[in-house]
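What follows is each chain in one-letter form.
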Amino acid sequence: MSPSGVFTADRRGRVYLVGAGPGDPELLTVRAHRLVTTAKVVAYDALVSPEILALIPDTAERLAVGRRKGTDPDAPAVHPIVLDKVLRGIDVVRLKGGDPYVFGRGGEEAEQLAELDVAVEIVPGISAAFGAAATMGIPLTHRDVSAGITLATAHTRHDADAGPPIGARVPSEGTVVLYMGRSTLRETAAALIEAGRSPSTPAAVVARATLPSQRSVVADLATIADAAERAELDTPAIVIVGEVVARRVTVRTPAVSVITDVRSL
Ligand code: SAH
């Protein structure tokens, strides 16, 4: 027993913080696939697709530890059930959507585990930005029109209304990819225009990127929120803003039917 009364095994379990990619199981890394298909315990987020969860062996324990929007932002990053397993010497595959270190609190989980002397391995994954760009045929850094990409969250840590507006947090040129931006799209688009982007800047919203149910709209910054609303795009959705959106080419994407609103472009 540790002083806190928690049972502690001689050897602590390891945590594999694994990026599950944007949804399509074909986009898992070889290492992620190996870890998921040989795991004894898999703890996963709400974002991890059913297609990927189907790879978990029947013999493994599955723990749904995802937090949905609106849950306490100050709750410990590592779920207590995961901690309990690790302290009992059991290895845990912690599956997170996209890349574990791109939003989604992977860094906070790693920090907390490191403080507890728990060995952590990070397995990178394909972040939603790259899954969406690939299926949409959007060349994120086409050198004619973009010198860089900013991956930004439309939300701040504690409160969507707190902190500087998005326009002040992203450069006024180049490609911007907004995570968690669906519900605040109207305000975000207005703020980017306010900060100097032209209302005619091309923009895309891609929902459920890389999954068979992917849907998307393309419009300009001035009308993108209306277009997304009309199309009733659900979540998770990612927003890509910049001239690169107009440089997209039709790509072959098995199993993804892409709905594109080209009225304003
Ligand atoms: N770690 C994840 C991001 C977690 S934050 C990654 O690297 O992709 C959650 C946000 O990611 C969602 O609000 C959405 O903006 C985006 N997202 C995750 N999966 C997505 C998908 N399949 N399609 C579109 N957006 C997605």
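Bear in mind the structure is a predicted one, so any value in this text is a computation, not a measurement.

**Q** Give a detailed account of the side chain of S146, specifying residues and quantitative values.
**A** Here S146 shows up in the loop between α5 (128–136) and β6 (149–153). Looking at S146, its side chain comes within polar contact range of the main-chain oxygen of G148, at 3.0 Å.

**Q** Go over the packing of aromatic side chains, please, and point to the residues and values.
**A** Inspection of the entire model under this criterion finds one aromatic pair. Measuring from centroid to centroid gives 5.0 Å for F103 and Y179, while their planes differ by 50 degrees, and the two rings are tilted. Of the two residues, F103 sits in the loop between β4 (92–96) and α4 (106–115) while Y179 sits in strand β7 (residues 175–179), which places them 76 residues apart along the sequence. Of the residues examined, Y179 reaches a relative accessible area of 9% and is grouped as buried.

**Q** Give a description of the site of the ligand that names residues and reports values.
**A** Surveying the vicinity of the ligand reveals 17 residues, the closest of which are P22, V102, S127, A209 and A237. Note that a nitrogen atom of the ligand is positioned 2.8 Å from one of the backbone N or O atoms of P22. When the ligand is considered free in solution it has 550 Å² of accessible area, and contact with the protein chains removes 92% of it.

**Q** I'd love a proper account of the sheet that holds strand β9 (residues 215–220), names of residues and values included.
**A** With mixed pairing, five strands are arranged side by side in an open sheet as β6-β7-β10-β8-β9. Strands at the two margins of the open sheet, each flanked by one partner only, are β6 and β9. Taking the axes of each pair of neighbouring strands and ignoring which way they run, one obtains an average angle of 15 degrees across the sheet. Taken strand by strand, α5 contacts β6, β7, β8 (202–207), β9 and β10 (237–241), and its axis lies near 70 degrees from that of β10.

Reading guide: rules and limits
- Residues numbered from 1 in each chain as written.
- Predicted model: local features only at pLDDT ≥ 70, side-chain atom pairs only at ≥ 80, totals over all residues.
- Heavy atoms only, no water.
- Helix = DSSP H or I, 4+ residues; strand = E, 2+ residues; numbered from the N terminus.
- Polar contact = N/O pair within 3.5 Å; in protein donor to acceptor, adjacent residues only side chain to side chain.
- Phe/Tyr/Trp six-rings, centres within 6.5 Å; stacked < 30°, edge-to-face > 60°.
- Buried < 20%, exposed > 50% of the residue type's maximum accessible area, 1.4 Å probe, protein only.
- Near = heavy atom within 4 Å.
- Areas by Shrake-Rupley, 256 points an atom, 1.4 Å probe, with all protein chains shown as cover.
- Pairing = 2+ DSSP bridges.
- Axes fitted to C-alpha atoms, helices over the stretch in contact; angles between N-to-C directions.
- Contact = heavy atoms within 4.5 Å.

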